[in-house]
Amino acid sequence: MSFMQTPRDPRLGNQPRGEEIAAYDTYLQAQRTVDFLSDSEFPVQKVTIVGTDLKMVERITGRRTYMHAALQGAASGAWLGVFLGLMFLLLSPGATLVGIFIPALLIGAGFGMLWGVVGHALTGGRRDFSSTSQVMASRFAVLCLAESADEARRLLATMPADGAAPVADDREA
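Residues numbered from 1 in each chain as written. Predicted model: local features only at pLDDT ≥ 70, side-chain atom pairs only at ≥ 80, totals over all residues. Heavy atoms only, no water.

**So, the environment of Leu114**
Link 1 in the chain: Following the sequence through the fold, Leu114 ends up in helix α3 (residues 97–122).
Link 2 in the chain: For the pair Leu114 and Gly77, spaced 37 residues apart in the sequence, the C-alpha separation amounts to 9.4 Å. (Helix = DSSP H or I, 4+ residues; strand = E, 2+ residues; numbered from the N terminus.)

Shown next, in the form of structure tokens:
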């Protein structure tokens, strides 16, 4: 194993195991529960949060037109032009900003604009909108390995409604 690799968690890739000790409608509530267990010095490596009832949600962000495709392509191309212009500027002795960098930026933006318009035209009118997608869970179950589930439930029974950690008695004689 190379020194650059991190050790792989043997639990990754396996189905989650354990008993359900709590269930919530939001991830934040499940996260607060695990945080409470951690603050209570429970070995949280025995706990897993599992999102269930998954659904894919695609939110439409706008209409995609030739102008939008051209502007988006020009912006992408300009970034490539900036990168290449900087490389040429740094590696070419005697190169000037106006002589190398600005033309590379403009050429990159021009090619990006061209490819953006051509790519949009090749879709043939299908998918004329832009969107973002995400996978969402409807329910979040907190699982704990069976040998520690009863202890976790006992601790969760003491959890305040706001999910705050228990107040420790730090008085020492």
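Next comes the rest of the write-up.
**Concerning α3**
Link 1 in the chain: End to end, α3 covers 36 Å across 26 residues, agreeing with the expected 38 Å (1.5 Å per residue, within 8%).
Link 2 in the chain: Among the residues of α3, Phe101, Ala104, Gly108, Ala109, Gly112, Gly116 and His120 are the ones counted as buried.
Link 3 in the chain: With its phi angle positive at about 65°, Gly124 sits one or two positions after the end of α3. (Expected span 1.5 Å × (residues − 1). Buried < 20%, exposed > 50% of the residue type's maximum accessible area, 1.4 Å probe, protein only.)

**Focus on the pattern of salt bridges**
Link 1 in the chain: The final tally for this structure, using the stated rule, is four salt bridges.
Link 2 in the chain: A salt bridge links Arg153 to Glu19; the shortest N-O distance between them is 3.0 Å. One end of the pair, Arg153, is in helix α4 (residues 146–156); the other, Glu19, is in strand β1 (residues 19–24), with 134 residues separating them in the sequence.
Link 3 in the chain: For Arg153, a relative accessible area of 30% puts it in the partly exposed group.
Link 4 in the chain: Judged by its relative accessible area of 34%, Glu19 falls in the partly exposed class.
Link 5 in the chain: A salt bridge links Glu20 to Arg139; the shortest N-O distance between them is 2.8 Å. Taken as a pair, Glu20 in strand β1 and Arg139 in strand β3 (residues 129–144) lie far apart in primary sequence, 119 residues in all.
Link 6 in the chain: Judged by relative accessible area, which is 29%, Arg139 ranks as partly exposed. (Salt bridge = Lys/Arg side-chain N within 4 Å of Asp/Glu carboxyl O.)

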